[in-house]
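# Secondary and tertiary structure notes
As a plain string of letters, each chain reads:
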Amino acid sequence: MFKKILAVFVVVVVLIAVIGFILPRHAVVKRSVIIDRPASLVYATVNSFVLFPKWSPWQDLDPNMHQTTEGPRDGVGAKLVWKGNGKVGSGTQLITASTPNQSVASDLDFGDMGSAKSLVTLTPEGGKTQATWAVDMDMSANPIGHYMGLAMDSMMGKDFARGLGKLKVLVESMPNVEIAGFSAEPVQLTATPVLLVSESAVPDAIGKAYAEGFGQIGKFMAKNKLHQAGAPLGIDGEMTAGNFKFDAGIPVDRADVAGADGVRVAQSYAGKALKTTHVGAYEKMPQTHEKLRAYMAAHGYTQMGPVFSWYVDDPGTTAAEKLRTEIYAPIN
């Protein structure tokens with residue numbers, strides 16, 4: 001009797017082992033969510049690890065988790081390194097492929113715990129985006145791991161759904177603006193002497209207010225024998241639906257004079273800024289400003305001061321559609 005029981009036991013163990021070897025080595029967990037924003041905003045958010053702590057489903061498991069980023073700020077080569085408690089462990093995630101506004105692929109390395117491949121795909125649906133997050137986990141050659149793979153979807157699916165839910169809230173808090181094709185670059189600016197005049201105008205009279213401000217500065221320059229040392233600029237102030245406050249400015253060659261008649265002597269912003277160039281009529285600049293704000297939000301930049309613009313071309317000699325305006329947003 002004992003021999004029969006033992007034989008049955010051996011057969012069962014062998015069957016379990018054989019089935020384990022036959023089972024898939026890889027386990028895939030996949031979840032989707034609809035985000036009420038253009039794919040370009042979602043893509044910019046997931047193509048970097050700067051904002052990942054804000055939508056990671058595992059962030060709250062260890063608030064003291066140590067996280068650093070390496071390589072470029074976004075795109076291929078961007079890398080996240082983390083080390084935390086027993087719930088989150090330690091490992092790395094490296095972006096290996098990015099298709100603008102469509103997908104982001106990355107490799108996860110959990111050290112002795114194995115590896116996995118992550119893929120976020122974006123599908124436009126009208127003005128919305130379906131974001132699908134899938135992770136393919138290598139359960140190793142051990143048949144026991146293959147059995148564990150059968151339970152991965154039920155064990156981790158809720159985490160993926162929670163992470164996508166957090167991603168939805170994060171991206172939907174950003175301006176609802178299409179940023180596909182929009183570009184901006186970090187630059188380092190040095191201070192230069194400028195003359196400033198504060199102005200306030202209704203939207204239709206902003207151009208006239210700028211002209212009056214520049215004219216006032218011109219008189220001050222002539223009186224004090226100052227020379228223009230760069231393109232005129234504007235510094236954004238408080239903006240409402242019916243009124244816009246700003247400073248009109250002109251860089252000059254000296255700062256050894258005292259302000260008078262409403263003209264202030266100051267230094268231009270010095271430090272790091274995000275720069276984009278608007279090409280076209282001044283009336284269309286508000287759209288570029290909106291794109292810049294959305295771009296900063298999706299790329300995780302924090303604005304550290306008022307946006308300002310350098311009017312590179314003279315509207316008196318340059319066609320409106322060719323006017324270049326450099327727009328800068330101070331960042332950390």
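Keep in mind the model is a prediction, meaning the values are calculated, not measured.

Turning our attention to helix α7 (residues 285-299). Spanning 15 residues, α7 covers 21 Å between terminal C-alpha atoms, matching the ideal 21 Å at 1.5 Å per step. Residues of α7 that are buried: M285, T288, H289, L292, A294, Y295, M296, A298 and H299. The inward-facing, buried residues of α7 abut α2 (39-46), β10 (233-239), β13 (271-279), β14 (308-311) and β15 (324-330).

What follows deals with the packing of aromatic side chains. Taken as a whole and assessed by the stated rule, the structure comprises 15 aromatic pairs. When the ring of F52 is compared with that of W55, the centres are 5.0 Å apart and the planes differ by 90°; the resulting orientation is edge-to-face. Of this pair, F52 and W55 both sit in helix α3 (residues 52-55), three residues apart, which is roughly one turn of the helix. Here F52 falls in the buried class, since its relative accessible area comes to 9%. Taking relative accessible area as the criterion, W55 reaches 4% and is therefore assigned buried. One aromatic cluster is present, formed by F49, F52, W55, W58, W133 and F160 through successive ring pairs.

Between α2 and α7, the least distance of the axes is 7 Å, while the angle of their chain directions is 35°. Contacts from L41, A44 and T45 in α2 reach A294, A298 and H299 in α7.

This part covers the pairing of strand β9 (residues 193-201). Look at any regular strand and the pattern is simple: side chains alternate between the two faces of the sheet. Burial within β9 is extensive, with seven of its nine residues counted as buried. Bridge count between β9 and strand β12 (residues 264-267): four bridges; the pairing is antiparallel. If you follow V194 over to β12, its bridge partner there is A266. Summarising the sheet, β9 and strand β11 (residues 244-251) pair through eight bridges and their orientation is antiparallel. Following the sheet pairing, L196 is matched in β11 by G249.

Within the secondary structure layout, T45 lies in helix α2. The buried category is assigned to T45, whose relative accessible area is 1%. In this structure, T45 is in contact with L51, W55, L167, L170, V171, M174 and A298, ignoring residues within four places of it in sequence.

Moving on, we get to unusual backbone geometry. The backbone phi angle of N101 is positive, close to 65°, even though this residue is not glycine. Mapped onto the elements, N101 comes out in the loop between β4 (90-99) and β5 (103-109). By relative accessible area, N101 is classed as partly exposed at 25%. Here K225, not a glycine, exhibits a phi torsion of approximately 55°, which is positive.

The strand order β8-β13-β15-β14-β10-β11-β9-β12 describes an open sheet built from eight strands, whose pairing is antiparallel. The open sheet has two free edges, formed respectively by β8 (185-189) and β12, since each of these has just one partner strand. Pairwise comparison of adjacent strand axes, ignoring direction, gives a mean angle of 35° for this sheet.

So, on to the environment of T288. Along the chain, T288 turns up in helix α7. Each C-alpha atom of the pair T288 and F182 lies 8.9 Å from the other, and the pair is 106 residues apart in sequence. Excluding anything up to four places from it in sequence, T288 contacts F182, T276, H278 and I327.

Looking at the protein, pLDDT values average 87 and 86% of them are 70 or higher. Throughout residues 8-23 the model reports pLDDT below 50, and contacts reaching past four residues in sequence, or to other chains, amount to twelve contacts.

One finds L167, I179, L274 and L292 to be the most contacted residues of the largest nonpolar core, which totals 57 residues. With sequence-adjacent residues up to four places away left out, I179 is seen in contact with S40, L41, A44, K291, A294, Y295 and A298. In terms of nonpolar packing, the next biggest core, distinct from the first, is built from ten residues, L195, I217, V252 and V257 among them.

With five bridges joining them, β8 and β13 adopt antiparallel strand pairing. Counted as the bridge partner of Q188 is K272 from β13. Note that β13 and β15 share seven bridges and pair antiparallel. For T276, the partnering residue across the bridge sits in β15 and is I327.

Scoring rules and cut-offs
Residue numbers restart at each chain and count upward from 1, following the sequence in its written direction. Owing to the predicted nature of the model, reporting of local features is limited to residues with pLDDT of at least 70; listing and counting of side-chain atom pairs is limited to 80 or more, with chain, interface and lining totals taken over all residues. In computing side-chain properties, one takes all heavy atoms of the structure into account and sets aside hydrogens as well as water. The way it works is that DSSP assigns letters per residue, a run of H or I at least four long becomes a helix, a run of E at least two long becomes a strand, and they are numbered from the N terminus. Each helix should span, by expectation, one fewer than its residue count multiplied by 1.5 Å. Relative accessible area decides the class of each residue, using a 1.4 Å probe on protein chains only: under 20% of the type maximum gives buried, over 50% gives exposed, and in between gives partly exposed. Residue contacts are defined here by distance: any two heavy atoms, one from each residue, within 4.5 Å place the two residues in contact. What counts as a ring pair is set by centres within 6.5 Å for rings of Phe, Tyr and Trp (its six-membered ring), and what kind of pair is set by the plane angle: stacked under 30 degrees, edge-to-face over 60, tilted for all other angles. Angles shown run from 0 to 180 degrees and are taken between the N-to-C directions of axes, each axis being a line fitted to C-alpha atoms and, for helices, limited to the stretch in contact. Note: two strands are recorded as paired if DSSP finds a minimum of 2 bridges between them. By definition, pLDDT measures how confident the predictor is in each residue, and it falls between 0 and 100. The definition of a nonpolar core used throughout is a set of buried Ala, Val, Leu, Ile, Met, Phe, Trp, Tyr and Cys residues joined through side-chain atoms within 4.5 Å.

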